[in-house]
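Overview (structure and organization)
Now for the letters of each chain:
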Amino acid sequence: MKKLLLSSALLLASHFALADVNVESAYVRAVPPGQMNSAAFMQLKNEGPGDISLVAAKSQAAKNAELHTHTQDNGVMRMRQVSEISLPAGEVITLQPGGMHIMLIGLTQNLAAGENISLSLEFSDGSQQALEVPVEGIMPMEKMGTMMHEQKHITQ
């Protein structure tokens, strides 16, 4: 009986364990009232010894949260749902506009800049991470272009 209780306790504890993933620069895009969808962006660094994947996300701010990417299809950018986002050990994966992101579908609340929403991430190893993510306004395109230009110089 003691072994069964200990096994159950360990299983329950491991289910709620934090992944060895460091989340940085997380934000959700603010949208006008009545808009039904938004997206979450962030940097994910797998600090664990092995590869894992982000396999799901949940938020009370939306009916559904889906993992998405953008692909080129005959010269047209299309958004597609993916089953997972790979997080190789020791690497940083960036979820960003125009790339991989977490789509928040069927918003259940307004998302105004300056607010926070809860977002839970689930990983392939069964671990989860609960976050409070700030809602930020959409960055003007000219500022985004400047940042991308600066980033190219930094990484070259």
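Scroll up for the structure.
What comes next is a walk through the structure. Bear in mind that the values here come from a model prediction, so they are computed numbers and not experimental data. (Residues numbered from 1 in each chain as written. Predicted model: local features only at pLDDT ≥ 70, side-chain atom pairs only at ≥ 80, totals over all residues. Heavy atoms only, no water.)

1. Comments concerning the nonpolar core
Filter applied, for reference: Residues belong to one nonpolar core when they are buried, are Ala, Val, Leu, Ile, Met, Phe, Trp, Tyr or Cys, and are joined through side-chain atoms within 4.5 Å. Burial classes: relative accessible area under 20% of the type maximum marks a residue as buried, over 50% as exposed, and values in between as partly exposed (1.4 Å probe, protein chains only). In what follows, residue pairs with any heavy atoms lying within 4.5 Å of each other are defined as contacts.
Residues Met42, Leu44, Leu54, Ile102, Leu119 and Leu121 are the most contacted members of the largest nonpolar core, which totals 30 residues. Leaving out residues up to four positions away in the same chain, Leu54 has contacts with Leu44, Leu67, Ser83, Glu84, Ile85, Leu87, Leu95, Ile102, Leu121, Glu122 and Phe123.

2. Side note on the pairing of strand 10 (residues 128-136)
Filter applied, for reference: Any two strands with at least two DSSP bridges between them are considered paired. Helix numbering and strand numbering both begin at the N terminus, where a helix is a DSSP run of H or I of at least 4 residues and a strand a DSSP run of E of at least 2.
Bridge count for strand 1 (residues 21-29) against strand 10 is 2 bridges, and the pairing is parallel. Opposite Arg29, over in strand 10, you have Glu136 as the bridge partner. The pairing of strand 9 (residues 116-123) with strand 10 spans 7 bridges and is antiparallel. Within strand 10, the residue paired with Ser118 across the bridge is Glu132. The hairpin formed by strand 9 and strand 10 contains 4 residues between the paired strands, and Gly126 there has a positive phi angle of roughly 90°.

3. What to know about the side chain of Thr69
Take Thr69: it is sitting in strand 4 (residues 62-73). Residue classification places Thr69 among the buried positions, given a relative accessible area of 17%.

4. With respect to the pairing of strand 2 (residues 37-46)
With 7 of 10 residues buried, strand 2 lies mostly within the body of the structure. Here strand 1 pairs with strand 2 via 6 bridges, running antiparallel. Within the sheet, the bridge partner assigned to Glu24 lies in strand 2 and is Gln43. Relative to strand 8 (residues 101-107), strand 2 runs antiparallel, the two being bridged by 4 bridges. Each residue of the ladder has a partner; that of Ala40, found in strand 8, is Ile102.

5. Points about unusual backbone geometry
For Ser25, which is not glycine, the phi torsion reads 55° and is therefore positive. With respect to the helices and strands, Ser25 occurs in strand 1. For Ser25, a relative accessible area of 56% translates into the label exposed. You will see that Asn74, though not glycine, has its phi angle at about 55°, which is positive. The residue Asn74 is located in the loop between strand 4 and strand 5 (76-81) in this model.

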